[in-house]
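# Working through the structure, step by step
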Amino acid sequence: MTIQEKEREIIEEFAVFDDWMDKYAYLIELGTALPPLEEQYKTDENLIKGCQSRVWFHAELKEGRLWFSADSDAIITKGIAALLIRVFSGEKPPDIAAADLKFIDEIGLSQHLSPTRSNGLLSMVKQIKLYAIAFAAGS
Amino acid sequence: MFDVEKIRADFPILKREIYGKPLVYFDNGATSQRPARVIAKMDDYYLNWNANVHRGVHYLSNVCTDGNEEARRTVRDFIGAASEKEIIFTRGTTESINLVAYSFGERFIGKGDEILVTEMEHHADIVPWQMLCERKGAVLKVLPFTDEGVLNLEALDRLLTNRVKLVGVVHASNVLGTVNPVREIIEKAHAAGAKVLVDAAQSIAHTEIDVQALDCDFLAFSGHKIYGPTGVGVLYGKEALLEEIPPWQGGGEMIREVRFEKTTYNDLPFKFEAGTPDFIGIIGLGEALKYVGGIGLKAIGAYEGELLKYATGRLLEIPDFRIFGTAPEKSALISFQVGTIHPLDLGTLLDRMGIAIRTGQLCAEPIMQHYGVHGMARASFAMYNTREEIDIFCEAIRKTGALFEGGKA
């Protein structure tokens, strides 16, 4: 699946919720289900700056594709991280670097996108893209 | 007679809805709302009277100058200062403290001198002193507090050596709510030969302050936390001390004569007010203080005290509700955690229910370190908050808790 296809899938999933509380309940569910990051990867280097919660993103390149894992002490933040992992993991660095995310707006989470927002969705996306650019340059 | 419904009617913003829910504004510790008469006063000056102060010979300039100086006298009376020369307008508490850290520091702080702050200071009453210490080779000392959130006054006697030149103490903690015994601290500090700056940012809107009775050397507060505009604050300083310390920023208004060889400075309070002040903001602050004075801080304090008691009781009924700061003398705010729910998650969900609270490190990382937490949630009340709002808040927290328990592990 391409990044766009995965985004469309998420948008469809969220379309069934007409109540905001159900959306957050789903994010909490996703956050709870995301496997915890191995302790060795919870380093300052992987810590994303600009979040009120602590969020770590780890990236690994395998056969030309990037694989992400993440963790946070806030569950909603972790749920959002789970969605980002789903969209970006297994994709090629140049595709990740070039991606123009639509799903966050579409599922009604755009309030989390403003750069001043403390839960750092924008910082997470920025960090993912930085990893992609670094790996694209390195490969 | 304190009538909360009448007060609420003075604040247009309290009628609005957030995500279709009535706004419950519990972030007054960060900034309060403004009553319509403060906004109207400032609008009137912008629409009809605007001209720069202290310079013009013309009518409008005189009106604004009079308004600016009337506000200064209002502040003087509000905090019981001896003279309007002791009232310096700044951008806020932070700038007031930075001014003292610079000017007092230039005159009185040398290598090896000590500055004493408490463990419960806001960053604004820590960082300027650290910067001063770095400039002068001075040392920052810290007075600790107990887990209850009470300053350890026995340690104060030990820490107040003759090297301490200045004590910075918060009147009411923005995290713990503790109202500190500043009068006693000032007395002890003076006996040890130190001056005292009181950070009144969180107390100014909630309790009566008389700087002469306190005998503090400096006191700082912000306008926007007492129903006034943002970007305006006050530094009070004893006249003799303000005379003795050098100006901070240079520019217009603070000068007497400018020559390339040597410039002389203006008299107090203008010596510390370089550049065009936010005179319309200052006039708005004066209006806010008149409004608060009309209601009376005694009545406000009594009402908020009841509110705090009610909220504390109701919130403690919630399972795993933990309050940080349980000092007997406490201002109307509650910092807390609920079970293992991250404060950010809690704040995000409460927001969707129309409730505005603060979350995070609350500009007081040392307090977070004291309790070994990465953040807290904080509900801070104002005179316009009600028991009904606290009920809505408690119900919303229970709902949030249920949402997390419902999340599949």
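What counts, and at which threshold
- Residues numbered from 1 in each chain as written.
- Chains lettered and ligands numbered in written order.
- Predicted model: local features only at pLDDT ≥ 70, side-chain atom pairs only at ≥ 80, totals over all residues.
- Heavy atoms only, no water.
- Helix = DSSP H or I, 4+ residues; strand = E, 2+ residues; numbered from the N terminus.
- Rg over C-alpha atoms; globule rule 2.2 N^0.38 Å.
- Buried < 20%, exposed > 50% of the residue type's maximum accessible area, 1.4 Å probe, protein only.
- Contact = heavy atoms within 4.5 Å.
- Areas by Shrake-Rupley, 256 points an atom, 1.4 Å probe, with all protein chains shown as cover.
- Lys, Arg positive; Asp, Glu negative; His and termini not counted.
- Charge placed at Lys NZ, Arg CZ, Asp CG, Glu CD.
- Phe/Tyr/Trp six-rings, centres within 6.5 Å; stacked < 30°, edge-to-face > 60°.
- Lys NZ or Arg CZ within 6 Å of the ring centre and 35° of its normal.
- pLDDT = per-residue confidence, 0-100.
- Buried area = accessible area lost by both parts, 1.4 Å probe.
- Salt bridge = Lys/Arg side-chain N within 4 Å of Asp/Glu carboxyl O.
- Polar contact = N/O pair within 3.5 Å; in protein donor to acceptor, adjacent residues only side chain to side chain.
- Pairing = 2+ DSSP bridges.
- Axes fitted to C-alpha atoms, helices over the stretch in contact; angles between N-to-C directions.
- Right-handed = clockwise from strand over helix to strand, strands pointing away.
- Domains from an automatic or database assignment.
- Expected span 1.5 Å × (residues − 1).
- Arc of directions from axis to C-beta.

Our focus in this paragraph is the overall build of chain B. Summing up its helical and strand segments, chain B has 14 helices and 17 strands in all. Taking 2.2 N^0.38 as the reference for a compact globule, 409 residues should give roughly 22 Å; the C-alpha atoms of chain B span a radius of gyration of 22 Å, in line with that estimate. Along the longest, intermediate and shortest principal axes, the C-alpha atoms of chain B span 75 × 55 × 40 Å. Expressed as a percentage of its 409 residues, the buried residues of chain B come to 56%. For chain B, the proportion of contacts with a sequence separation of at least 24, taken over those separated by at least 6, is 72%. Per element, the accessible surface of chain B, about 16800 Å² overall, is 52% carbon and sulfur. Here chain B holds 44 positive side-chain charges and 55 negative ones, and the gap between their average locations is 2 Å.

Time to look at the packing of aromatic side chains. What the rule picks out here adds up to 19 aromatic pairs over all chains. Considering the side-chain rings of B:Phe321 and B:Phe336, the 4.9 Å spacing of their centres and the 20° angle between planes classify their relative orientation as stacked. Separated by 15 residues along the polypeptide, B:Phe321 in strand 13 (residues 321–324) and B:Phe336 in strand 14 (residues 333–338) bring together distant segments of the chain. Of the two residues, B:Phe321 and B:Phe336, both sit in the buried class. Ring centres 5.9 Å apart and planes at 75° place the aromatic pair B:Phe336 and B:Phe393 in the edge-to-face group. With B:Phe336 in strand 14 and B:Phe393 in helix 14 (residues 387–406), this pair connects stretches of sequence that are 57 residues apart. Taking the relative accessible area as the measure of exposure, B:Phe336 reaches 0% and is therefore buried. The exposure class of B:Phe393 is buried, given its relative accessible area of 0%. Linked through ring pairs, B:Phe26, B:Phe321, B:Phe336, B:Phe381 and B:Phe393 together constitute an aromatic cluster. A cation over an aromatic ring shows up here: A:Lys42 above the ring of A:Trp56, its NZ or CZ 5.1 Å from the ring centre.

Before going further, it helps to examine unusual backbone geometry. Glycine aside, the phi torsion of most residues is negative, and most peptide linkages are trans. All names here are of chain B. Cis geometry is adopted by the peptide bond preceding proline 269, which originates at leucine 268 and carries an omega value of 0°. Within the secondary structure, proline 269 sits in the loop between strand 12 (264–265) and helix 10 (279–295). A positive phi is found at aspartate 215, a non-glycine position, where the angle reads about 65°. Within the secondary structure layout, aspartate 215 lies in the loop between helix 8 (211–214) and strand 9 (218–222).

For the rest of this paragraph, the subject is the confidence of the model for chain A. Predicted confidence across chain A gives a mean pLDDT of 88, with 91% of residues reaching 70 or more. Between the elements of chain A, mean pLDDT differs from a low of 84, seen in helix 5 (residues 103–106) of chain A, to a high of 95, seen in strand 2 (residues 65–72) of chain A.

On to the interface of chain B and chain A, then. With 19 residues of chain B at the interface, the matching set in chain A holds 19 residues. Summing both partners gives a buried area of about 1800 Å² for chain B against chain A, and 65% of it is carried by carbon and sulfur. Counting the contacts that link chain B with chain A gives 0 salt bridges. The tally of links between chain B and chain A comes to 4 residue pairs in polar contact (both at pLDDT 80 or more).

Now for the sheet that holds strand 16 (residues 358–360) of chain B. All names here are of chain B. Spatial ordering of the open sheet is given by 13-14-17-16, a layout of 4 strands whose pairing is antiparallel. Edge strands, defined here as strands with exactly one partner in the open sheet, are strand 13 and strand 16. The mean inter-strand angle of the sheet, taken between neighbouring strand axes irrespective of direction, is 30°. Bridge count for strand 16 against strand 17 (residues 376–380) is 3 bridges, and the pairing is antiparallel. For arginine 358, the partnering residue across the bridge sits in strand 17 and is arginine 378. Of the strands in this sheet, strand 13 and strand 14 are in contact with helix 11 (residues 297–316), which crosses strand 14 at around 10°.

This paragraph deals with the pairing of strand 7 (residues 164–170) of chain B. All names here are of chain B. The buried fraction of strand 7 is high, at 6 of 7 residues. As defined by bridge partners, strand 5 (residues 114–118) adjoins strand 7 across 4 bridges and the pair is classed as parallel. Within strand 7, the residue paired with valine 117 across the bridge is glycine 168. As judged from the 5 bridges shared by strand 7 and strand 8 (residues 195–199), these two strands associate in the parallel manner. Bridge pairing links valine 167 to valine 196 in strand 8. With helix 7 (residues 182–191) bridging strand 7 and its parallel neighbour strand 8, the resulting β-α-β unit is right-handed.

Looking now at the domain arrangement of chain B. All names here are of chain B. Annotation of chain B at the domain level lists domain 1 (4–26 + 297–403) and domain 2 (38–294). For domain 1 and domain 2, the distance between their C-alpha centres works out to 28 Å. Residue-level contacts link 33 residues of domain 1 with 30 residues of domain 2. The contact between domain 1 and domain 2 buries some 2600 Å² in all, and 58% of this surface belongs to carbon and sulfur atoms. For domain 1, the biggest contributors to the area lost against domain 2 are Leu297, Ile367 and His370; these three give 25% of the whole. Summed over the shared surface of domain 1 and domain 2, the result is 1 salt bridge.

To continue, consider helix 11 of chain B. All names here are of chain B. Its 20 residues give helix 11 an end-to-end C-alpha distance of 28 Å, which sits within 8% of 28 Å, the value for a rise of 1.5 Å per residue. Within the sequence span of helix 11, burial applies to Leu297, Ile300, Tyr303, Glu304, Leu307, Leu308, Ala311 and Leu315. Burial along helix 11 is one-sided: seen end-on, the buried residues are contained in an arc of 145°. In this structure, helix 11 carries Lys298 and Lys309 as exposed residues pointing more than 90 degrees from its buried face.

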